[in-house]
Amino acid sequence: MIPAPFAYTRPSTIEEALQAIADGGEDVKVLAGGQSLIPVMRLRLAAPETLVDLTRVAELRGVREDGDMLVIGAMTTHADVLTDPLLAQYGQLIVQATETVADRQVRRRGTFGGALAHADPAGDLPAVALALDAEFVLAGPGGRRTVPATDFFVDYLTTALDEGELLVEIRVPKLGEGWGVRYEKFNRVAQAWSIVAVAAAVRREDGRIAEARIGLTNMGPTPLRASATEAALVGVDVSMETVTAAAAQAAEGTSPSNDLNAQADYRQHLAQVLTRRAVAAAVGL
């Protein structure tokens, strides 16, 4: 189908983009990579009055260091994430998850910030951002504010972005020596969307697990942390037995859906299996 008519603007700075959003009328959509927005517009499930295209806003692209943090521009493409040397050194969990996003064509157009702002619980990057304790920098008419990942994902396809605001960058802690990471994903061969996936970041110290961060994909209307498993892992010896016992608690507090791809109880089983695999790989078992 053909999208409904809309006004189109293509700013070149963040300030111009915010002004275009403010001037765009009651229904404005921001176009990043367009890999989620364009299909729903073609189906007329979305019919914005105005489309604000961010592809010319150069300051929204790229990865840089800021002390012990990595700062990723919201318009950085998935393909650029996969080739960035800083992420290769300090952000391997992001790289691993991004490698599983859709296909090469989508990764060339789709953006890191666009995927996070879309907030699809079956998307790969929201759970990774949650596991890494990422921070989201939002720009709006009143200036900038920073929202932690725990508060950014509000509900299904809903974030903490207020009317007139724009996601400009994502800040994630560097993971250096002692950290191991793994992204484990289960999906149908015919598509890349996760039935369930697990993002694990684990820090070892003197043969024990000192810290564990585990994000769950598609186990509820928003990405979730496997908090019971995280707590069970801290302080234990690194062994397959301790990892398996902790992973058995991965689905606690989750509310997965029943759909054509999987029933809720199957997703809960997958969460346990994939958590065991992800944590074991992260600690080198």
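From a predicted model like this one, the values you see are computed outputs, not experimental measurements. Per chain, residues are indexed from 1 in the order of the written sequence. Where local features are concerned, this predicted model is filtered to residues with pLDDT of at least 70; where side-chain atom pairs are given and counted, the filter is 80 or more; whole-chain, interface and lining totals use all residues. The basis for every side-chain value is the complete set of non-hydrogen atoms in the structure, without hydrogens or water.

### Some remarks on the sheet that holds strand S5 (residues 69-73)
The cut-off we apply is this: Whether two strands pair comes down to DSSP finding at least two bridges between them. Starting at the N terminus, helices and strands are each numbered in turn, a helix being any DSSP run of H or I of at least four residues and a strand any DSSP run of E of at least two. Axis geometry follows a simple rule: fit a line to the C-alpha atoms, using only the stretch in contact for helices, then measure angles between N-to-C directions, giving values from 0 to 180 degrees.
Strand order across the open sheet formed by five strands is S4-S5-S10-S6-S7, with antiparallel pairing between neighbours. Two strands bound the open sheet, and with one partner strand each, they are strand S4 (63-66) and strand S7 (143-148). The sheet shows a mean angle of 25° between the axes of neighbouring strands, taken without regard to direction. Note: strand S6 (residues 135-140) against strand S10 (residues 166-173), five bridges, orientation antiparallel. For Phe136, the partnering residue across the bridge sits in S10 and is Ile170.

### Overview of the pattern of salt bridges
Cut-off, in case you're wondering: By definition, a salt bridge exists where a carboxyl oxygen of Asp or Glu is found within 4 Å of a side-chain nitrogen of Lys or Arg. Relative accessibility thresholds used throughout: buried, under 20% of the residue-type maximum; exposed, over 50%; partly exposed, between the two (1.4 Å probe, protein chains only).
Following the criterion strictly, the structure yields 17 salt bridges and no others. One salt bridge connects Asp66 with Arg171, and the closest N-O pair in it is separated by 3.0 Å. Within this pair, whereas Asp66 is found in strand S4, its partner Arg171 is found in strand S10, the two being separated by 105 residues in sequence. Taking relative accessible area as the criterion, Arg171 reaches 15% and is therefore assigned buried. Connected through salt bridges with shared partners, the residues Asp133, Arg203, Glu205, Glu211, Arg213, Arg225 and Glu230 form a single ionic network.

### Observations regarding the packing of aromatic side chains
Operational definition: Two rings from Phe, Tyr or Trp (for Trp, the six-membered ring) form a pair when their centres are within 6.5 Å of each other. A pair whose planes differ by under 30 degrees is stacked, one over 60 is edge-to-face, and the rest are tilted.
Tallying each qualifying case throughout the model produces four aromatic pairs. With centroids separated by 5.7 Å and ring planes inclined at 85°, the aromatic side chains of Phe136 and Phe153 adopt a geometry described as edge-to-face. Placement of Phe136 in strand S6 and of Phe153 in strand S8 (residues 153-155) is noted, with a sequence separation of 17 residues between them. Residues Phe136 and Phe153 agree in their burial class; the two are buried. Note on Phe186 and Tyr266: the rings are 6.4 Å apart at their centroids and 85° apart in plane angle, and the pair reads as edge-to-face.

### Notes on the pairing of S4
With four bridges connecting them, S4 and S5 associate as antiparallel partners. When the bridges of S5 are listed, Arg64 appears paired with Val71. Taken together, S4 and the strand that follows it, S5, pair antiparallel across an intervening segment of two residues, in which Gly67 is found at a positive phi of about 65°.

### Some words on the domain arrangement of the protein chain
Note the threshold: Residue ranges for the domains originate in an automatic or database domain assignment. Contacts are residue-level and defined by heavy atoms, with any inter-residue pair within 4.5 Å sufficient.
According to the domain assignment, the protein chain contains domain 1 (7-53), domain 2 (60-173) and domain 3 (179-282). Placing a centre on the C-alpha atoms of domain 2 and another on those of domain 3 gives a separation of 20 Å. With 23 residues of domain 2 in contact, the opposing surface of domain 3 contributes 22 residues. On inspection of domain 2 and its partner domain 3, the count reaches three salt bridges.

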